[in-house]
Amino acid sequence: MKSFLDEHFLLNTDTAIKLYENAAAEAPIFDFHCHLNPQEVWENKSYDNITQIWLGGDHYKWRTMRMHGVAEKYITGDASDWEKFEAWAETMPHLIGNPVYHWAQLELKMYFGIDKLLSPETAREIWDECNEKLQKPEFSARAFIEKSNVKFIGTTDDPISTLEYHQLLKNDDSFKTMIAPTFRPDGALFIDRPTFTSWIEKLAQVSGVNVDTFDGFLAALKQRVEYFHENGGRASDHDIQKMEYVDTTKDQVEAIFNKRISGEQLTNEELVAYRIFVLKELGKMYAEKQWVMQLHMGAMRSNNTKMKELIGPDTGFDSVGEANMAEGLSRFLDALDQENALPRTVLFNLNQKDNVVLAGMMGNFYEEGIPGKVQLGSGWWFLDHIDGMERQMKDFANVGLLSHFIGMLTDSRSFLSYARHDYFRRILCNILGGWVEQGLAPNDMKHMEQMVRNICYHNADKFFLER
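A. Spatial organisation of the packing of helix H4 (residues 59–67) against helix H6 (residues 99–112). One way to put it is that H4 packs onto H6 with a least axis distance of 11 Å and a crossing angle of 125°. Taken together, H4 and H6 sit at an angle that is classed as oblique. For the pair H4 and H6, the sense of crossing is left-handed. Here Tyr60, Lys61 and Thr64 of H4 lie close against H6, whose contacting residues are Val100, Trp103 and Glu107.

B. The arrangement of unusual backbone geometry in detail. The phi dihedral of Ser302 falls on the positive side, at around 50°, and the residue is not glycine. On the secondary structure map, Ser302 appears in the loop between strand E6 (299–300) and helix H15 (305–311). Under the relative-accessibility criterion, Ser302 is labelled partly exposed at 22%. One non-glycine residue, Asn340, lies in the positive phi region at around 50°. Along the chain, the position of Asn340 falls in the loop between helix H16 (326–338) and strand E8 (344–349).

C. Expanded view of the pairing of strand E5 (residues 292–297). Extensive coverage of E5 is indicated by the burial of six of its six residues. Every second residue of E5 is oriented toward a common face, with Val292, Gln294 and His296 on one face and Met293, Leu295 and Met297 on the other, all of them buried. In the sheet, strand E4 (residues 235–240) pairs with E5 via six bridges, with the strands oriented parallel. The partner of His238 across the bridge, within E5, is Leu295. Taken together, the six bridges between E5 and E8 define a ladder with parallel strand orientation. Residue Met293 lies in a different strand from E8, and its bridge partner there is Thr345.

D. Expanded view of the side chain of Arg224. By the element assignment, Arg224 lies in helix H12 (residues 214–230). Here Arg224 is buried and forms no salt bridge, its nearest opposite-charge partner Asp158 lying at an N-O distance of 7.7 Å. Here the side chain of Arg224 touches Pro159 through a polar contact of 2.8 Å, landing on its backbone oxygen. Within the structure, the side chain of Arg224 is placed 2.9 Å from the backbone oxygen of Ser161, a separation counted as a polar contact. Here Arg224 is in contact with Pro159, Ile160, Ser161, Phe183, Leu203, Val206 and Ser207, once residues within four sequence places are set aside.

E. Quick peek at the sheet that holds E4. Reading across the sheet, the four strands line up as E4-E5-E8-E9 and stay open at both edges, with parallel pairing between neighbours. Since the sheet does not close on itself, it has two edges, and those belong to E4 and strand E9 (374–376), each with one partner. Strand after strand, the sheet turns through a mean of 20° between neighbouring axes, direction not considered. Contacts between helix H20 (residues 445–465) and the sheet are confined to E4, E5, E8 and E9, with E8 contributing the most and set at about 125° to the helix.

What counts as what
Residues numbered from 1 in each chain as written. Predicted model: local features only at pLDDT ≥ 70, side-chain atom pairs only at ≥ 80, totals over all residues. Heavy atoms only, no water. Axes fitted to C-alpha atoms, helices over the stretch in contact; angles between N-to-C directions. Helix = DSSP H or I, 4+ residues; strand = E, 2+ residues; numbered from the N terminus. Parallel < 35°, antiparallel > 145°, perpendicular 65-115°, else oblique. Left-handed = near helix turned anticlockwise from the far one by under 90°. Contact = heavy atoms within 4.5 Å. Buried < 20%, exposed > 50% of the residue type's maximum accessible area, 1.4 Å probe, protein only. Pairing = 2+ DSSP bridges. Lys, Arg positive; Asp, Glu negative; His and termini not counted. Salt bridge = Lys/Arg side-chain N within 4 Å of Asp/Glu carboxyl O. Polar contact = N/O pair within 3.5 Å; in protein donor to acceptor, adjacent residues only side chain to side chain.

Function-wise, these values are silent; they only describe arrangement.
In structure tokens, the structure reads:
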């Protein structure tokens, strides 16, 4: 019987162990998509207690606590930090089978050196030990990044952001990790949101471009792409709940834009036409700059209206959608490709049924000299568990070239979440090691170890930064 979370955790063969120890364990991290706050990195934020760094903003943990029946007071409410930690410790023993159980124990072990299982019985002891360590300089925001061997972080940033903290970090020679902004124009694409008019007023202010016309609006977005590029931006990111495609003209979309500015209601058909046209225009801007376009598809957001009104969006009430996206995605990518304006693209699905759909889509679009120009993104959000990541990589391999896979992303607001990269790497090595021992892959360790290093770091580094 194997011990829980031992040094060979998730590694079930001798070859898997060798691949992990020789290639994966020490590989740097290229975290191309996350939600870390660059201000906290610049200020090298320190934490008074474990609740602040571990539970604050972590909707993965919040969801499990709610499902366990914990009152909201102890999750996002006004309970003390100790009371919130105590409620989390009471929840933990019930999470066996959920990846959050593994992640939480890995985080305690990797960053605090704690092997004890978190439970009501150990809560006070672990609370005290973590809090004592958090007072030391080696437990600050920057220290966690350096300890995790992170070479690149792609944050997620609104086009109206000044990128002030990215600029400060870029000029700070004492901090070696590259932190680059990622262009996330939800405010431009979700024209139906009540905040749209106030958002474009801010867009006009930061860009210096009049947005009263549709041409001005597009010019302002282009100015922000330029601004992000000047400040190290090399990627965009998009929330695509449904990938729907319709043929439309600029004149038609200009009329839709003007209708919205006038305060009129838009039909669903008009919303679809507007979004796909603007997304195509943005895609052309990205291609011109040789950026990577990331499409995170399939989330069904803010399902609980009562809780959205109470504590806001992105607080743990999103789930997996089931919209068909194959035809719409194909037509969108093809439309850009026909204009020689398809940027490097990463396709993320949230519904496991879409793995092969998107993996198959990768092979339809290519560019000479760019291995894997269109990528299948790693198992994400509801799929970043053992089964989800195994299936994603096997589906990738079955219809594509797994050797060109750009690997894991953190998609987190926590500086402790880099433990998820170790989780992914162990799963990757276990798959490849199993193939070798089953005779499905050659027993050429030099080649297999290089494949592991590439997937863990080098492929993403080249895909996002090499031109």
